[in-house]
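# Summary of structural features
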Amino acid sequence: MKQPQNQSPFRHVLLTGASSGIGVAAAVRFAELGTAHLYFCGRDAARLDAAAEQVRTASQGRTQPHPCVLDVQDRAATRAWIERCDAETPLDLVWANAGVSTGGREDDEEAVRQVFSVNLDGVLNTLYPAIDCFRRTDRDRFARRLAITSSMTGYHGMPQCPAYSASKACVKALGSALRGRLRSANICVTTICPGFVRSRITDQNTCPMPFFMEAPAAARIIVDGIARGRGLISFPWPMRLGMWLLSTMPEALSERLFACLPEKR
């Protein structure tokens, strides 16, 4: 059934990594659509408070924000938070969005391990408690959704950001596999591969960023795609086409092309 215009298809949403970038913009978009309860987390209390205020303003009081200072690397705390939120108001959508980059420290082992800890372990720490919650209750098939933020870099390993692209390739493959795996449980999985979108990560970039987008525009595309039940939301399309072509090229050719790109500083 189609949703009325400007009405959220999700009553209760849980979102990680909501203190900046796509996360904040998505929280505001859900608020604009009238989501009733919005649970979101991040590691910075001040930025979370600012996001909560944006949610209240955008929703004109229709959305109740529930910010939580949380590090998704903490498996037990993340599970406890998700289960507590689902017990309060049964969740319709759980979106694993938290992610980090190395900040240019690509040869720093600790920085690389940190990227995998957040971008991969943090996703697992979010998804599996949500799946357990969804399986425990008999809900309408269209009200049980998972979303995972990958990246356009997940199409091919990039020497400019090997840890980031590798971690995002992992969750891209995971999302695709879980979509088929969970279909029989009536759980819809969407994987999101945005290009360059304004965030604290892109603010650090010194490399060219073609087809750069502002976060609110990206959030509208993503939220609409999740509502439609799309398996893969990958945009902008010229960049998606280019990355897909790179992924199909012989390694020797793609290696030469990547060698022409400037280093990320």
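The structure we're discussing is the one just above.
As a starting point, this report considers the structure included with it. (Residues numbered from 1 in each chain as written. Predicted model: local features only at pLDDT ≥ 70, side-chain atom pairs only at ≥ 80, totals over all residues. Heavy atoms only, no water.)

### Side note on unusual backbone geometry
Our working definition: The secondary structure listing takes helices from DSSP runs of H or I that are at least 4 residues long and strands from runs of E that are at least 2 residues long, numbered from the N terminus.
A cis amide bond, omega -5°, links F235 with the succeeding residue P236. Tracing the backbone through its elements, the reader meets P236 in the loop between β7 (232-235) and α7 (237-248). Backbone geometry at Q60 places phi at a positive 55°, although glycine is not the residue there. With respect to the helices and strands, the residue Q60 is situated in the loop between α2 (45-59) and β3 (64-69). The backbone of N186 shows a phi angle near 60°, a positive value even though the residue is not glycine. As for its position among the elements, N186 is in the loop between α5 (162-181) and β6 (188-194).

### Here we look at α7
So the rule is basically this: Expected helix span is given by 1.5 Å per residue-to-residue step, counting one fewer step than there are residues. Exposure is judged per residue with a 1.4 Å probe applied to protein chains only, and the accessible area is read against the type maximum: over 50% gives exposed, under 20% gives buried, and values in between give partly exposed. In this description, the arc belongs to the directions extending from the helix axis to the C-beta atoms.
Taking 1.5 Å of rise per residue, 12 residues should cover 16 Å, and α7 covers 17 Å from first to last C-alpha, within 8% of that figure. Turning to α7, its buried residues are M239, M243 and L246. Viewed end-on, α7 has its buried residues packed into an arc of 55°, placing them on one side of the element.

### Quick look at the packing of aromatic side chains
Convention followed: Ring pairs are drawn from Phe, Tyr and Trp, using the six-membered ring of Trp, whenever the two centres fall within 6.5 Å, and their geometry is named by plane angle: stacked under 30 degrees, edge-to-face over 60, tilted for the rest.
Counted by the stated rule, this structure contains 2 aromatic pairs. Ring geometry for F10 against F30: centres 6.1 Å apart, planes inclined by 75°, an arrangement best described as edge-to-face. A residue pair is termed long-range when its members are at least 10 positions apart, and F10 in the segment before β1 (12-15) and F30 in helix α1 (residues 21-33) qualify at 20 residues. What makes F10 buried here is its relative accessible area of 2%. Judged by relative accessible area, F30 falls into the buried class, the value being 1%. Judged by centre distance (6.3 Å) and plane angle (85°), the rings of F30 and W95 are edge-to-face. Pair noted here: F30 is in helix α1 and W95 is in strand β4 (residues 93-96), with a separation of 65 residues, a long-range link. Comparing F30 with W95, the two get one shared label, buried.

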